[in-house]
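# Structural overview for review
The residues making up each chain are set out below.
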Amino acid sequence: MTKIPNPTPTIEQLLAIEACREAARRYSYGVDRLDGEVMKSAYWADAIDDHGVFVGNAWEFCYRVVASHDRWTWTMHTIFNHRVELDPDGNSARGEVYNISYLFNDSDRRLATWYGRYLDTYQRRGTEWRILHRVCVHHGDTSQQLPDSMGIDASKFRDGSFDRPANQRPIGP
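Thresholds applied
- Sequence order sets the numbering: in each chain, residues are counted from 1 along the sequence as written.
- Restriction of local features to residues with pLDDT of at least 70 applies here, the model being predicted, together with a cutoff of 80 or more for giving and counting side-chain atom pairs; totals for whole chains, interfaces and linings are based on all residues.
- Heavy atoms throughout the structure, all of them, feed into the side-chain values; hydrogens and water do not.
- Only DSSP runs of H or I reaching four residues or more are called helices, and only runs of E reaching two or more are called strands; each is numbered from the N terminus.
- Partly exposed describes any residue whose relative accessible area lies between the buried limit of under 20% and the exposed limit of over 50%, with all areas from a 1.4 Å probe on protein chains only and scaled to the type maximum.
- Any two residues whose heavy atoms approach within 4.5 Å at even a single point are treated as in contact.
- One less than the number of residues in a helix, times 1.5 Å, gives the span that helix is expected to have.
- By nonpolar core is meant a set of buried Ala, Val, Leu, Ile, Met, Phe, Trp, Tyr and Cys residues that side-chain atoms within 4.5 Å join together.
- It is the directions from the helix axis to the C-beta atoms whose arc is reported.
- For this analysis, a polar contact is any N or O atom pair within 3.5 Å, provided that within protein one partner can donate a hydrogen and the other can accept it, and provided that sequence-adjacent residues contribute only side-chain to side-chain pairs.
- Pairing of aromatic rings covers Phe, Tyr and Trp, the last through its six-membered ring, and needs centres within 6.5 Å; plane angles under 30 degrees mean stacked, over 60 mean edge-to-face, and all others mean tilted.
- Charge over a ring is defined by NZ of Lys or CZ of Arg lying within 6 Å of the ring centre and within 35 degrees of the ring normal.

Moving on, we get to the side chain of Arg 134. Residue position: Arg 134 is located in strand E6 (residues 128-145). Overall, the relative accessible area of 0% leaves Arg 134 in the buried class. Residues within four places of Arg 134 in sequence aside, it is in contact with Ala 24, Tyr 27, Tyr 43, Ile 48, Asp 49, Asp 50, His 51, Tyr 118, Leu 119 and Asp 120.

So, in structure tokens, the structure goes:
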């Protein structure tokens, strides 16, 4: 039987839950900006990542992902429905976050889409929360040739790949 967590978390619990979510957001941001250092900041140095095609040290995985995602013009790793449950010890937590990733290749206007979840174990060391173990679950994927664009004059906008890699660029303009 699933134990239902306290429906009204304390301020300290809310801060811990948000810190776990922030770690997951750093991972997604780092992937999309091809910034391995930001990706690494989501994981502890001894963390394990199980992405199916790679099972091992998460920091090594970060460099592998940056290299493999460079072939895409842009990517968007979206995460949502992020549930985090704190363990009674207050130093560990488990999370499940839904993920849809969009990977676009401009040369042939092909959009690949990944549907899945991340199953995370978070750990607090001192005052910092990071991912200790991640399992990537695959629900499905698609690849499609996109028709011509909307027809708007997009020449005034920054291209989706303008800050890939981010080279540790601060967030924002």
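With that settled, the discussion passes to helix H1 (residues 11-32). Under the 1.5 Å per step criterion, the end-to-end length of H1 is 31 Å for 22 residues, consistent within 8% with the ideal 32 Å. Of all the residues in H1, the buried ones are Ala 16, Ile 17, Cys 20, Ala 23, Ala 24, Arg 26, Tyr 27, Ser 28, Gly 30, Val 31 and Asp 32. In the stretch just after H1, Leu 34 is the one whose phi turns positive, near 50 degrees.

Core analysis: the biggest nonpolar cluster contains 26 residues, and Tyr 27, Met 39, Tyr 43 and Tyr 122 have the highest contact counts within it. Elements with a minimum of two residues in this core: H1, strand E1 (43-50), helix H3 (58-69), strand E4 (92-105), strand E5 (110-125) and E6. Among the elements that take part in this core, H1 stands out by supplying 7 residues, more than any other. Ignoring anything within four residues of it in the chain, the contact list for Met 39 reads Arg 26, Tyr 27, Gly 30, Val 31, Cys 62, Val 65 and Val 66.

Attention shifts here to H3. The end-to-end C-alpha distance of H3, which contains 12 residues, comes to 16 Å, matching closely the 16 Å that a straight helix rising 1.5 Å per residue would cover. Taken together, the buried positions of H3 are occupied by Ala 58, Phe 61, Cys 62, Val 65, Val 66 and His 69. Viewed along the axis of H3, the buried residues span an arc of 140 degrees, placing them on a single side of the element. In this structure, H3 carries Glu 60 and Ala 67 as exposed residues pointing more than 90 degrees from its buried face. Buried residues along H3 sit in contact with H1, helix H2 (36-40), E1, strand E2 (55-57), strand E3 (74-86) and E4. Residue Asn 57 occupies the N-cap position of H3, its side-chain oxygen lying 2.9 Å from the main-chain nitrogen of Trp 59.

Here the focus is the packing of aromatic side chains. The geometry of two aromatic rings is summed up by the distance between their centres and the angle between their planes. Counted by the stated rule, this structure contains 5 aromatic pairs. Ring centres of Tyr 27 and Tyr 118 lie 5.7 Å apart, and the angle between their planes is 80 degrees; this geometry places the pair in the edge-to-face category. Taken together, the residues span a long stretch of sequence, with Tyr 27 in helix H1 and Tyr 118 in strand E5 at a distance of 91 residues. The exposure class assigned to Tyr 27 is buried, which follows from its relative accessible area of 2%. Relative accessible area serves as the criterion here: at 3%, Tyr 118 is assigned to the buried category. Between Phe 80 and Tyr 98, the aromatic rings sit 6.5 Å apart at their centres with planes inclined by 40 degrees, giving tilted as the arrangement. Separated by 18 residues along the polypeptide, Phe 80 in strand E3 and Tyr 98 in strand E4 bring together distant segments of the chain. An aromatic cluster of at least three residues, connected via ring pairs, comprises Tyr 27, Tyr 43 and Tyr 118. Over the aromatic face of Trp 59 sits the side chain of Lys 40, whose NZ or CZ is 4.3 Å from the ring centroid.

So far we have only geometry, and geometry alone does not tell us how the molecule works.
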